[in-house]
Amino acid sequence: MQRDFLEPGGFGETLGNDVGQLRRTIEPTANLLRAARAAGLPIIHTREGHLPDLSDCPPAKLNRGDPSMRIGAPGPMGRILIRGERGHDIIDELAPAPGEPVIDKPGKGAFYATGLGDLLTEQGIRSLVVTGVTTEVCVHTTVREANDRGYECLVLADCVGSYFPEFQRAGLAMIAAQGGIFGWVADSPAFIAALRLEDVTHGRD
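Another aspect to go through is the pattern of salt bridges. As enumerated under the stated definition, the model contains eight salt bridges in all. Where D89 meets R47, a salt bridge forms, and the shortest distance between an N and an O atom there is 2.9 Å. You can see D89 sitting in the loop between β3 (78–79) and β4 (102–105) and its partner R47 sitting in strand β1 (residues 45–48), a full 42 residues away along the chain. Overall, R47 belongs to the buried group, its relative accessible area being 17%. One salt bridge in this structure joins E48 and K61, with 2.6 Å as the shortest N-O distance. Of the two residues, E48 is situated in strand β1 and K61 in helix α5 (residues 59–62); the sequence distance between them amounts to 13 residues. Here the salt bridges do not stand alone but share partners, grouping R3, E7 and D92 into one network.

Printed below as a string of structure tokens:
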């Protein structure tokens, strides 16, 4: 949920994308975060980006697209996909709360070259609720990585988004196909309602 992907004037929009397709995820995700925090669920944020010297960016990723808009090039919110730049950070509406870990990842998936797996193991977590953008890239890659590692994944359809509506539909269908080949898909209000029901059941309301 980084500025360069979601905010008007960011890197995503300069490529000709309609950021409105992604911004529709902000309100439901904010509602989800409030409910998850109230229920005491651990929340982990991720950001895709690279070291300033690009030593963690392989040529296959670096040398794609218009040379003036490649990773590390000057963008409207600082160097594109470089850690520490304004565009790299998470949008204000979904900013991490104090104490919530932020995983900086050099790839599209949240497990590759990060400490996410160790963090989940330390906390005894085996089930993941996945949100973010874009559905067909970072979300899909993370869910596939998680599935191969034995995690159960629930993707909340209104809390993930794509610049391309057809990719959104296909991406969600692929996750849930064949009885949940990579995970399950639901809408956030149903998940929030289940959280609140569990709180009531356990006397936490």
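Now for the packing of aromatic side chains. The geometry of an aromatic ring pair is captured by the separation of the ring centres together with the interplanar angle, meaning the angle of the planes. Scanning all chains against the criterion turns up two aromatic pairs. When the centroid spacing of 5.7 Å and the interplanar angle of 35° are considered together, the rings of F111 and Y151 count as tilted. Of the two residues, F111 sits in the loop between β4 and α6 (116–122) while Y151 sits in the loop between α7 (135–148) and β6 (152–161), which places them 40 residues apart along the sequence. F111 sits in the buried class, given a relative accessible area of 7%. In this structure Y151 comes out as buried when scored by relative accessible area, which is 6%.

Formed by 23 residues in total, the largest nonpolar core has its most connected members in M1, F5, L6, L22, I71, L94 and V133. Secondary-structure elements contributing two or more residues to this core are α1 (3–6) and α4 (26–38). By residue number, the principal contributor to this core is α4, which donates four residues. Excluding residues that lie within four positions of it along the chain, I71 makes contacts with H50, L54, C57, K61, L62, I80, L81 and I82. Grouped together as the second largest cluster of nonpolar side chains are 20 residues, I103, L119, V143 and A146 included.

Quick look at the sheet that holds strand β5 (residues 127–133) now. Taken together, the three strands give an open sheet; going across it, the order is β5-β6-β7, and neighbouring strands pair in parallel fashion. What marks the edges here is a single partner per strand, and that holds for β5 and β7 (184–186). Across this sheet, the average inter-strand angle for adjacent strands is 30°, counted without regard to direction. Bridge analysis of β5 against β6 gives six bridges, and the strand direction is parallel. Bridged to L128 within β6 is C153. In this fold α4 packs onto β5 and β6, with an angle of close to 135° to the strand it touches most, β6. Packed onto the sheet, α7 meets β5 and β6 and runs at close to 165° relative to β5.

Criteria and thresholds
- Residues numbered from 1 in each chain as written.
- Predicted model: local features only at pLDDT ≥ 70, side-chain atom pairs only at ≥ 80, totals over all residues.
- Heavy atoms only, no water.
- Salt bridge = Lys/Arg side-chain N within 4 Å of Asp/Glu carboxyl O.
- Helix = DSSP H or I, 4+ residues; strand = E, 2+ residues; numbered from the N terminus.
- Buried < 20%, exposed > 50% of the residue type's maximum accessible area, 1.4 Å probe, protein only.
- Phe/Tyr/Trp six-rings, centres within 6.5 Å; stacked < 30°, edge-to-face > 60°.
- Core = buried A, V, L, I, M, F, W, Y, C linked by side-chain atoms within 4.5 Å.
- Contact = heavy atoms within 4.5 Å.
- Pairing = 2+ DSSP bridges.
- Axes fitted to C-alpha atoms, helices over the stretch in contact; angles between N-to-C directions.

Everything listed here is a matter of coordinates, which is why it stays silent on function.
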